[in-house]
Amino acid sequence: MRKQVRLTIDDRQITAPAGTLIVNAAKQIGIDIPVFCYHPKMEPVGMCRMCLVEVGRPIIDRNTGQPVLEDGQPKIQFGPKLETACTTPVSEGMVVRGMSEKAKAGQNEIVEFLLTSHPLDCPICDKGGECPLQNLTMEHGPGKSRFLYDEKFHLEKRVPLGDLIFLDRERCIQCARCIRFQDEIAGEPVIGFYNRGRATDIVTYTDPGFDSVFSGNTTDICPVGALTTSDFRFGARTWELKSTASVCGQCPVGCNIVFNTRREAKADGRIVIKRVMPRQNEQVNEIWLCDKGRFAYHYTENGARLSRPLVKKNGKLEASSWDEAAAIAGGKLRSADGEVVVLASGRLSNEDLFNLKSLADGLGGKALLYTQMGGGDLTARFGVGAGTNFGEMGAGTTILVAASDLYNEAPVWHLRVKGAAKRGATVIVANGRETKLDAFAKYVVRYAYGDEVETINGLQQKEKIGEAITSAENLVVLFGSDGLGLNGTSNLAAACAELVQGRAGKPNNGLIGVWPKANDQGAWEIGFRPTDDLSSELKGKTVYVVAADPAGDDPQLAAALKEAKFVIAQELFQTATADLADVVLPAQAYTERDGSFTSGERRAQRFYAAVPAFGESQADYAITALVADAAGVELADSAGQVFENLVVTVEAFAGLTYEILAETAEQWPVVGRGDMYYGGTTYENTRGLGAHLVGWGERGETASRPRVQEETELRPKEGQWLAVPVTKLYDQGLTVRSSKLLESHIGAATVTLHPEAAKRLGAGAGELVEISLNGTTAQVSVLLDETVSASVALLPRGMGLPISGPVVAGLKKV
Amino acid sequence: MLKELGRGLLTTFKMLLEGPVTTSYPEEKREVRPRFRGRHVLKRYDNGLEKCIGCSLCAAACPADAIFVEASENTDEERYSPGERYASTYEINMLRCIYCGFCEDACPTEAVVLGDNYELSFTDRHDAIYTKDLLLEPASEGRPTTPQTVEPGVYTRSVPQMENPKD
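Values in this document were obtained by computation on a predicted structure and should not be read as measured data.

(A) Summary view of the packing of helix 8 (residues 350-363) of chain A against helix 21 (residues 639-649) of chain A. All names here are of chain A. In contact at an axis separation of 9 Å, helix 8 and helix 21 are set at 65° when each is read in the N-to-C sense. Between helix 8 and helix 21, the crossing angle belongs to the class labelled roughly perpendicular. The two elements helix 8 and helix 21 meet at a crossing, and its hand is left-handed. Here helix 8 contributes N350, E351, F354 and N355 to the contact with helix 21, which in turn contributes A639, V642, F643, N645, L646 and T649.

(B) Inspection of helix 13 (residues 463-470) of chain A at higher detail. All names here are of chain A. Taken as a whole, helix 13 has its buried residues at I465, G466, A468 and I469. Relative to the axis of helix 13, the buried residues are bounded by an arc of 160° and lie together on one face. Seen from the open side of helix 13, the exposed residues pointing more than 90 degrees away from its buried face are E463 and K464. Residues of helix 13 that are buried sit in contact with strand 21 (397-402), strand 22 (426-431), strand 23 (443-446), helix 12 (452-459), strand 24 (474-479) and helix 14 (486-500).

(C) View of empty space enclosed by the protein. Residue and element names in this part refer to chain A. Here the structure, examined in full by the defined rule, presents 12 cavities of 30 Å³ or more. Approximately 170 Å³ is the volume attributed to the largest cavity. Around the largest cavity, the lining is made up of 17 residues, and of these T219, T229, F232, R275 and M277 lie nearest the centre. At the level of secondary structure, the elements contributing two or more residues to the lining of the largest cavity comprise helix 5 (216-221), strand 13 (227-229), strand 16 (271-278) and helix 6 (291-295). The class makeup of the residues in the lining of the largest cavity is six nonpolar, four polar and seven charged. Considering only enclosed or pocket space, the second largest cavity measures out at about 140 Å³ in volume. Around the second largest cavity, the lining comprises 18 residues; the ones closest to its centre are R347, L348, Q588, Y590 and D620. Partitioning the lining of the second largest cavity into residue classes produces 10 nonpolar, three polar and five charged.

(D) Representation of the side chain of E264 of chain A. Assignment of secondary structure puts E264 of chain A in the loop between strand 15 (256-263) and strand 16. Judged by relative accessible area, which is 7%, E264 of chain A ranks as buried. For E264 of chain A, the side chain forms a polar contact with the side chain of K274 of chain A, separated by 2.6 Å. Here E264 of chain A is in contact with G235, G269, R270, V272 and K274 of chain A together with F68 and E70 of chain B, once residues within four sequence places are set aside.

Parameters at a glance
Residues numbered from 1 in each chain as written. Chains lettered and ligands numbered in written order. Predicted model: local features only at pLDDT ≥ 70, side-chain atom pairs only at ≥ 80, totals over all residues. Heavy atoms only, no water. Axes fitted to C-alpha atoms, helices over the stretch in contact; angles between N-to-C directions. Helix = DSSP H or I, 4+ residues; strand = E, 2+ residues; numbered from the N terminus. Parallel < 35°, antiparallel > 145°, perpendicular 65-115°, else oblique. Left-handed = near helix turned anticlockwise from the far one by under 90°. Contact = heavy atoms within 4.5 Å. Buried < 20%, exposed > 50% of the residue type's maximum accessible area, 1.4 Å probe, protein only. Arc of directions from axis to C-beta. 1 Å grid on protein atoms, 1.4 Å probe; cavity = no way out; pocket = protein on both sides within 12 Å on 5 of 7 lines; lining within 4 Å. Points joined across faces, edges and corners; volume = space filled by probe spheres on them. Nonpolar A, V, L, I, M, F, W, Y, C, P; charged D, E, K, R; others polar. Polar contact = N/O pair within 3.5 Å; in protein donor to acceptor, adjacent residues only side chain to side chain.

So, in structure tokens, the structure goes:
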């Protein structure tokens, strides 16, 4: 523990650890010293001078080394000039005056100076109402300017830095928070200062502009309205918005978010989501959010969503009533005699999955998880213990990232692992190609696709890496699905689980699955399991498909579904699977209902209904209850009731209640309160930090040694390619493609090849090649990557090509 | 007693000779006072551009929650108001409005002004909601209406003259 020092701030005595900055020490006792450039998550720079305070230090007698006393009190000498509270660390006996006339005068002058060329166009500024500059101007501003209007420096007001972020050059106060965020926290220095003096300007170095998936965060921490998102541009005034706490449903990180909603005339008077803001949860996402989470929510308001139940009559789907549709679906499930398959994906909440599992159990059918990533049984056993927090990991912690491109699969984990590396954690990246995390890793292990398990098994034999793993105080292993399918990931998970076996259940130790969906972990915990051979499982069965589109993903699965006895599809949209279905049930998006997700770190987190339901759609758990009722199985139909049933049935959830998930605690840094200038516009967490599931270790159970299955090796012949699936952040998934804003980021299907290999093929970057795999042929454009092996072709998932695992493929030039 | 009666009747007869104080509304209309607060009007600049920039401050100031504003972005090809922002939806519910004039005070561009018109009647609650096309004053004679196609880089300021407030 660091040495504690005593000091006085505004006549209040406090103790703070040595090295604490005055601004933070003051914040801890509730004194707000105004800042612009300082941010508690970043290094201080002292650029804006807003935090000027009077600092006095005790006079020390040189002979005795003791403070000089005056009337029994140490004599304090104040400096002739004001000092910046954001760069000055506290020291013993220090006296800080932030409210004195001299300090106030200094602060007032800084505001006046910052306003010399500010356009003062608060009425049209998107930041208006939650703007640090606006608030501090009201507090410190001169009321009248001593500068002439004609002498104001006029600059361009509409500068798109990228397609997601706009810059207003006039409003910028050159605090460099955005530049420092990209540099220090995101590790992607894609923006910077250009020019000097009054002409200082923010520019982007990349093409396309501001090429970072964390760009939206700069708008949160921008203390003025200089950076705004194109999504919310002139969307509404901030005080008109209602906010509802939620959890991001795009990836397994489970970032806490807030949906800002408003009734809109443009949307025919419906209440719509206007923007997504991060909500502080220091153990999950701190105060950050990736751009996918921020901008991909538009699918919920897509007018093409299913609004009524449909029933197939004379070979055509026709609108029907809930009673009729549920009666038909339930009747078919009941008469199927246990030949029932419930196929669901991790997009659903814990409540939905539990009801579906209960239905499958009640009918004697199977509950299958629709995924291409295995190993969830192992994360349920060897998952990270309660209290795990990437934000606390530093020296002594080893983080192994195996076969995962965190930047694309779970961006906020990328950011947090990078942060841990900066604090001294040993990061080991094992992958078949270069990923963005490599730059921050201490060790990078490169293997040939197919050798994942051997590589992980061999890590402990390596001298330095083995040492880093075995002697680490804490060990976290993240495994993903980069270049792997269901079998490959299951085997990889087993290999990874062996590394953490003895540590399971301890905080900051264990296995984390970087799942493709937000709640895959929950699905595994509740008892859903994937299958190797989905096609044969579907044939001849009565199939209940929920939140999954097997027919759209893979023609073979479409053929299998056609051979199914009866298909019930429960979806948001009329997908290819819904086209094949006999009954289609419209589900609510998770923004329209209550529920909970389980994150990859096994943290159950609640989300709340933000907008009214679309059309006649119902919540997934309620639809299942309705169908189950007709099938003769009794299930609860309110989120709270379902969760109560879940808690008593599934051991991992034991002891949890909605109230526990909604509990909050004091977090540092303090954000989202009145002083937005300190932490930015991230929301304070008032609706729950979530709670960790009970681990096997905590239950006192001993885990058995994980099993490794045999896998057939794929060796492409001469002239053939090994096509492996990789994850692309912005894919054509159902929950992404509705966002017009992300269109250029999604793009068309691509194949990534080694430049030499592409040359052999005769195709350059951006040119079209024809790829044939799994019985499908498609044209894709070529991307080049020098770190890919010669005969390997990387194919992004969810871009229209049926690739569920590594497969031998043919490529030819068009 | 007769004296008092006579005095009363005198007043009556005197009044008989004077004209009536009432006017025969609606044929005859009395001019309103200069600061009368009637139905709102959305003003235009002389060049035809709308003064309203869709800032929604009127809605924020409204104690009766009668005003609803939605903003959109101007382009030089399709310009409604100076600057980047204009009101794509502007509605006032005249049944909720209490004609206090706070909206007028809050407006940074003097776009919304309470006018002379007090003759409002509706047969349907929906008719009481005045939309932007009803509130916006017509462009003055010979001036173009909005949207206008304008030269790029001319109308860059939402609030044309940012000056210190005059005492």
